[in-house]
Amino acid sequence: SSNVTGVQTCALPISKIRLVLLDEAFSKMDKERSEVCLRYARELELQLIVCVPDERLQSLIRNVDSVYGFRRHQNQISMMHIDKGDYLEMMEGGQMRHSSQSHEP
């Protein structure tokens, strides 16, 4: 470690959890404002988990790293990983592949 103007610094960066959970945080924002917020969160090195309804996903998909979909049917909750590339392709008229896992509550 080194000492610079009285502040102790480490040679290795300190890893911190900067996790933020947001439930429909962008529901009343337009696409441009949502993108600005997501870019700012990246600048702050925040790890976001954002819950959005299906109709908002289209406007946010280009600014996220991973997407998981959840569905409830009767007493079962299904979770599926949605491949970002496949989703973007589907938005442009292609088909989407996904893997599905079911979990009982």
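Predicted model only: the values in this text are computed from it and were never measured.

Procedures and definitions
Residues numbered from 1 in each chain as written. Predicted model: local features only at pLDDT ≥ 70, side-chain atom pairs only at ≥ 80, totals over all residues. Heavy atoms only, no water. Pairing = 2+ DSSP bridges. Helix = DSSP H or I, 4+ residues; strand = E, 2+ residues; numbered from the N terminus. Right-handed = clockwise from strand over helix to strand, strands pointing away. Salt bridge = Lys/Arg side-chain N within 4 Å of Asp/Glu carboxyl O. Buried < 20%, exposed > 50% of the residue type's maximum accessible area, 1.4 Å probe, protein only. pLDDT = per-residue confidence, 0-100. Contact = heavy atoms within 4.5 Å. Polar contact = N/O pair within 3.5 Å; in protein donor to acceptor, adjacent residues only side chain to side chain. Expected span 1.5 Å × (residues − 1). Arc of directions from axis to C-beta.

## Digging into the pairing of strand E3 (residues 19-23)
Within a regular strand, the side chains alternate between the two sheet faces.
Line of reasoning, step 1. In terms of strand pairing, E3 meets strand E4 (residues 47-51) through five bridges, oriented parallel. Looking across to E4, one finds that aspartate 23 is bridged to cysteine 51.
Line of reasoning, step 2. Once the chain exits E3 it traverses helix H1 (residues 31-43) before rejoining the sheet at E4, and the crossover so formed is right-handed.

## A closer look at the pattern of salt bridges
Think of it this way: side chains of opposite charge can pair up when their charged atoms draw near.
Line of reasoning, step 1. Tallying each qualifying case throughout the model produces three salt bridges.
Line of reasoning, step 2. Of the charged contacts, one joins aspartate 54 and arginine 71 as a salt bridge, the two residues approaching to 2.5 Å between their closest N and O atoms. In this pair, aspartate 54 is assigned in helix H2 (residues 54-60) and arginine 71 in strand E5 (residues 67-73), connecting sequence segments 17 residues apart.
Line of reasoning, step 3. On the basis of relative accessible area, aspartate 54 is assigned to the partly exposed category, the value being 45%.
Line of reasoning, step 4. A salt bridge links arginine 62 to glutamate 92; its shortest N-O distance comes to 3.9 Å. Note that arginine 62 is positioned in the loop between H2 and E5 and glutamate 92 in the loop between helix H3 (84-91) and strand E7 (98-103), a separation of 30 residues in sequence.

## A few points about the pairing of strand E6 (residues 76-82)
Line of reasoning, step 1. Judged from the seven bridges that link them, E5 and E6 form a sheet pairing that is antiparallel. Note that in E6 the partner of histidine 73 across the bridge is glutamine 76.

## Overview of the confidence of the model for the protein
Line of reasoning, step 1. Here the protein averages 78 in pLDDT, while 75% of its residues score no lower than 70.
Line of reasoning, step 2. When mean pLDDT is compared element by element in the protein, E6 scores highest at 91, while strand E1 (residues 2-4) scores lowest at 37.
Line of reasoning, step 3. Within the model, the stretch residues 96-105 combines pLDDT values under 50 with 25 contacts to residues more than four positions away or in other chains.

## Regarding the environment of histidine 81
Line of reasoning, step 1. Here histidine 81 shows up in strand E6.
Line of reasoning, step 2. For histidine 81, a relative accessible area of 31% puts it in the partly exposed group.

## Comments concerning H3
Structurally, the α-helix is built with 3.6 residues per turn, so residues lying three or four positions apart point the same way.
Line of reasoning, step 1. Of all the residues in H3, the buried ones are Asp86, Tyr87 and Leu88.
Line of reasoning, step 2. For H3, the secondary structure elements touched by its buried residues are H2 and E6.
Line of reasoning, step 3. For H3, the side-chain oxygen to backbone nitrogen distance between the N-cap and glycine 85 is 3.0 Å, and the N-cap itself is aspartate 83.
Line of reasoning, step 4. Looking one or two residues beyond H3, the residue adopting positive phi is glycine 93, at roughly 110°.

## Some words on H1
Line of reasoning, step 1. Taking 1.5 Å per residue as the helical rise, H1 with its 13 residues ought to reach 18 Å, and the 18 Å between its terminal C-alpha atoms agrees with that figure.
Line of reasoning, step 2. Along H1, the residues that are buried comprise Ser34, Glu35, Leu38 and Ala41. Axial view of H1: buried residues confined to an arc of 120°, hence all on one face. More than 90 degrees from the buried face of H1, the exposed residues found are Glu32, Arg33 and Glu43.
Line of reasoning, step 3. Those residues of H1 that are buried are in contact with E4 and H2.

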